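# Topology and contacts: notes
Given next are the chains, with one letter for each unit.
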Amino acid sequence: MAQTLRSRDNPRVRAWKKLQRDAHDRRSRRRALLEGVHLVATYIERVGAPRELIVSDAARANAEIAALAARTARPPLVVSEAVFAAFAGTEHPVGVAAEIDLPEAIADLSRSTHCVLIEGVQDSGNLGAIMRSAAAFGVDSVVVGPGCADAWSPKVLRAAMGGHFFMCVAEVKDLMQVISGFAGLKVCAVPRGGSRLGSIGLAGPVAWIFGSEGAGVSAQLRAQADALACIPMPGGTESLNVAAAAAICFYERARQCDVSAAA
């Protein structure tokens, strides 16, 4: 039977705490911490065995978690409930986590057919929700630019629900340089002053550009767009949440692709 790690002062436990809380540590070490059955299962299915699978003592009896452990090359590291709670990012952890290596994602859009560039979206929930919708609608690359939340933070990972592992996810300092490599239609979402979303032909390769709800997309990046897209809103609100707007944009492209394929 595996020995249970019970010290919260153990160097590995301190390292996991830091991965949960410190974006600089995640970037410098090129690692992140996943938590929860769904995220860990998606990683194992899409990528493979994690660097370390961590299971709380009580969670070993859980059938789903036991099945996850059976899919890794080596047995999980078992920790006490107190130790797991010390580094967990949720109030009521289920008792399974994984330390993973971050992919060496290169923001090369020359072969992309459906990608997203995100500027200044600071809210982790919004960034994660955009990534979840992007994965659902077949986006192949997400490029996270300046002013955004850390794409590999626990909150973004939870909100994206495993979407990271269906796409190339890259964080860059210069979106202008990246977008120049995309050969298809570049569409910038704007709250007003653009064409109706449904009037823009989206059946071919598309790069979406989204900005923060307050400042929007910078003028420099907006100038790179071939089209400005507005979502018709007959109600009284001024604008949509950026994650909701992104999901609508992704759906409209999927709808046009279906129509084109059926024609």
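Look above for the structure.
The structure presented is a predicted model; accordingly, all values stated were derived computationally and were not measured.

The rules behind these values
Residues numbered from 1 in each chain as written. Predicted model: local features only at pLDDT ≥ 70, side-chain atom pairs only at ≥ 80, totals over all residues. Heavy atoms only, no water. Salt bridge = Lys/Arg side-chain N within 4 Å of Asp/Glu carboxyl O. Helix = DSSP H or I, 4+ residues; strand = E, 2+ residues; numbered from the N terminus. Buried < 20%, exposed > 50% of the residue type's maximum accessible area, 1.4 Å probe, protein only. Pairing = 2+ DSSP bridges. Axes fitted to C-alpha atoms, helices over the stretch in contact; angles between N-to-C directions. Contact = heavy atoms within 4.5 Å.

### Some remarks on the pattern of salt bridges
Enumeration according to the criterion identifies 13 salt bridges in this entry. For the salt bridge of Glu171 with Arg27, the shortest nitrogen-to-oxygen distance reads 3.6 Å. Linking Glu171 in strand 7 (residues 168-171) with Arg27 in helix 2 (residues 23-29), this pair joins segments that are 144 residues apart in sequence. Where Glu52 meets Arg74, a salt bridge forms, and the shortest distance between an N and an O atom there is 3.9 Å. Placement of Glu52 in strand 2 (residues 52-56) and of Arg74 in the loop between helix 4 (63-70) and strand 3 (77-79) is noted, with a sequence separation of 22 residues between them. You can call Arg74 partly exposed: its relative accessible area is 47%. One connected set of salt bridges, linked through shared partners, spans Asp25, Arg29, Arg31, Arg51, Glu99 and Asp101.

### Quick notes on the sheet that holds strand 1 (residues 31-35)
Here we have four strands laid out as an open sheet, ordered 1-4-2-3, and mixed in their pairing. Among the strands making up the open sheet, the edge pair consists of strand 1 and strand 3. Here the strands of the sheet are splayed against their neighbours by 25° on average, with no regard to which way each runs. By the bridge criterion, five bridges tie strand 1 to strand 4 (residues 96-101) in an arrangement that is antiparallel. Counterpart to Leu34 in the pairing with strand 4 is Ala98. Sheet contacts for helix 1 (residues 11-21): strand 1, strand 2, strand 3 and strand 4; angle to strand 1, the most-contacted strand, approximately 90°.

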